[in-house]
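Secondary and tertiary structure notes
The lines below spell out each chain.
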Amino acid sequence: QVQLGESGGGLVQAGGSLRLSCVASGRTFSNYIMGWFRQAPGKEREFVGVISRSGGETYYTDSVKGRFTISRDNAKNTLYLQMNSLKPEDTAVYHCATSTSVSYFSQNVNDYADWGQGTQVTVSS
């Protein structure tokens, strides 16, 4: 099992930026494809993006392409989500998660095993 802890959320005006971090412990971080998800009040948890084990490949949901960037530092056991040009509709609790696959980029929450507690991002208009 991997323990995950997110940080970096907060309140920001539309058009602003935030950088979220997710620190992992417990098992070898670099063994895992990592995903970011978000959940707005009253809505289901939705896929944001995913990164390969090496960090060389990423994939994003259409609504954040060109605005969000996922990266990782395996030496620091840390995953990042750089969010630029934020919109009010980006308001949600953001979670990082470990994928159960070693090669496939899944957008399904059921394909992710370990989850952090989340960090709140609020974008005001």
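Now for a description of the structure that goes with this document. Computed from a predicted model, the values in this text were never measured in an experiment.

Definitions and limits used
- Residues numbered from 1 in each chain as written.
- Predicted model: local features only at pLDDT ≥ 70, side-chain atom pairs only at ≥ 80, totals over all residues.
- Heavy atoms only, no water.
- Buried < 20%, exposed > 50% of the residue type's maximum accessible area, 1.4 Å probe, protein only.
- Helix = DSSP H or I, 4+ residues; strand = E, 2+ residues; numbered from the N terminus.
- Pairing = 2+ DSSP bridges.
- Phe/Tyr/Trp six-rings, centres within 6.5 Å; stacked < 30°, edge-to-face > 60°.
- Lys NZ or Arg CZ within 6 Å of the ring centre and 35° of its normal.
- Salt bridge = Lys/Arg side-chain N within 4 Å of Asp/Glu carboxyl O.

**What to know about the pairing of strand β4 (residues 34-39)**
Of all 6 residues in β4, 5 are buried, a share of seventy percent or more. Pairing geometry for β4 and strand β5 (residues 46-51), over 5 bridges, is antiparallel. Directly across from F37, in β5, lies its bridge partner F47. Connecting β4 to the next strand, β5, in antiparallel fashion are 6 residues, including G42 with a positive phi near 80 degrees. Here β4 pairs with strand β9 (residues 92-99) via 6 bridges, running antiparallel. When the bridges of β9 are listed, R38 appears paired with Y94.

**Regarding the packing of aromatic side chains**
Considering all chains together, one arrives at 5 aromatic pairs under this definition. Ring centres of F37 and Y112 lie 4.8 Å apart, and the angle between their planes is 75 degrees; this geometry places the pair in the edge-to-face category. Placement of the pair is F37 in strand β4 and Y112 in strand β10 (residues 112-115), with a sequence separation of 75 residues. A relative accessible area of 5% means that Y112 is categorised as buried. Each residue in the set F37, F47, Y59, Y112 and W115 is aromatic and connected to the rest through ring pairs, giving one cluster. Above the face of the Y80 ring, R19 is positioned so that its terminal group lies 4.0 Å from the ring centre. The ring of W115 carries R45 above its face, with NZ or CZ at 4.7 Å from the centroid.

**Some points on the pattern of salt bridges**
On inspection of all chains with the given rule, the structure shows 4 salt bridges. Between R38 and E46 there is a salt bridge, with the nearest N and O atoms lying 2.6 Å from each other. Using a relative accessible area of 6% as the deciding quantity, one classes R38 as buried. Each of R38, E46, R67 and D90 takes part in a single network of salt bridges with overlapping partners.

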